[in-house]
Amino acid sequence: MNFLPPTRTGRWLAWSAGYALVLWLLLILHRFLWLGDGVSLILSLRWAILALVISGIVNGFGWLGAQLVWSFSTAGVVAGTFLMYIYTYREMSGWEDLAGFLSFGLFTAGGFALGLIAEGIRLLVHYLRTR
């Protein structure tokens, strides 16, 4: 993937900060604008911590050179965010916010797990070819 920074360079720190900022903005946009909740500093900080943790894990693996983990995890985050936004407009008797967040968490974790599996298979194939 040519658009990702090289492995183990300082550019991953900037990449991670940008990733966390975009994710945080998407999360607070969903919570405060689309769900119509009042703006809360404490909740904004919690979303920021969640975005930093997700970004740190995903981009930490990218820094280590696991580009498949980064790709699958990012796809999971995008799919989870998309579903979270979709569930906002479904009538679920007040469960829209919980269903949306659970789908976000499920797809984020699923993308990460698939990325780990794909990266493990890639490393196993590489090991068997060089052996």
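Everything here concerns the structure above.
Below or above, wherever it landed, is the structure these notes cover. (Residues numbered from 1 in each chain as written. Predicted model: local features only at pLDDT ≥ 70, side-chain atom pairs only at ≥ 80, totals over all residues. Heavy atoms only, no water.)

**Focus on the overall build of the protein**
Each helix and strand in the protein was counted, giving 4 helices and 0 strands. When the helices and strands of the protein are placed in sequence order, the string is α-α-α-α. Across its three principal axes, the protein shows a C-alpha extent of roughly 60 × 30 × 20 Å. Residues counted as buried form 31% of the 131 residues belonging to the protein. Of the contacts formed within the protein by residues at least 6 apart in sequence, a portion of 67% connects residues at least 24 apart. Summed over its atoms, the accessible surface of the protein is roughly 8,100 Å², and 73% of this surface lies on carbon and sulfur atoms. Each charge class in the protein was averaged separately, 8 positive and 5 negative side chains, and the resulting centres sit 23 Å apart. (Helix = DSSP H or I, 4+ residues; strand = E, 2+ residues; numbered from the N terminus. Buried < 20%, exposed > 50% of the residue type's maximum accessible area, 1.4 Å probe, protein only. Contact = heavy atoms within 4.5 Å. Areas by Shrake-Rupley, 256 points an atom, 1.4 Å probe, with all protein chains shown as cover. Lys, Arg positive; Asp, Glu negative; His and termini not counted. Charge placed at Lys NZ, Arg CZ, Asp CG, Glu CD.)

**Looking at the environment of V58**
Take V58: it is sitting in helix α2 (residues 41–64). With a relative accessible area of 4%, V58 lands in the buried category. Those residues in contact with V58 that sit more than four places away from it in its chain are Y19, W70, S73 and T74.

**Description of the pattern of salt bridges**
Where charged atoms of side chains with opposite charge meet at close range, the side chains can pair. Across all of its chains, the model carries 3 salt bridges by this definition. As a salt-bridge pair, R31 and D37 come within 2.8 Å of each other at their nearest N and O atoms. For D37, a relative accessible area of 28% corresponds to the partly exposed category. As a salt-bridge pair, R122 and E119 come within 2.5 Å of each other at their nearest N and O atoms. With R122 and E119 both in helix α4 (residues 96–130) and 3 residues apart, this pair spans about one turn of that helix. Three or more residues joined by partner-sharing salt bridges are found here, namely R31, D37 and D97. (Salt bridge = Lys/Arg side-chain N within 4 Å of Asp/Glu carboxyl O.)

**Some details on helix α3 (residues 67–88)**
Taking 1.5 Å of rise per residue, 22 residues should cover 32 Å, and α3 covers 32 Å from first to last C-alpha, within 8% of that figure. Burial in α3 covers these residues: V69, W70, S73, T74, G76, V77, G80, T81, M84, Y85, Y87 and T88. Looking straight down α3, one finds that the buried residues subtend no more than 165° of arc, so they occupy a single side. Of the exposed residues in α3, those oriented more than 90 degrees away from the buried face are V78 and F82. Lining the buried residues of α3 we find α1 (11–34), α2 and α4. (Expected span 1.5 Å × (residues − 1). Arc of directions from axis to C-beta.)

**Some words on the environment of L106**
Considering the arrangement of structural elements, one finds L106 in helix α4. With 84 residues separating them in the primary sequence, L106 and V22 have C-alpha atoms 19 Å apart.

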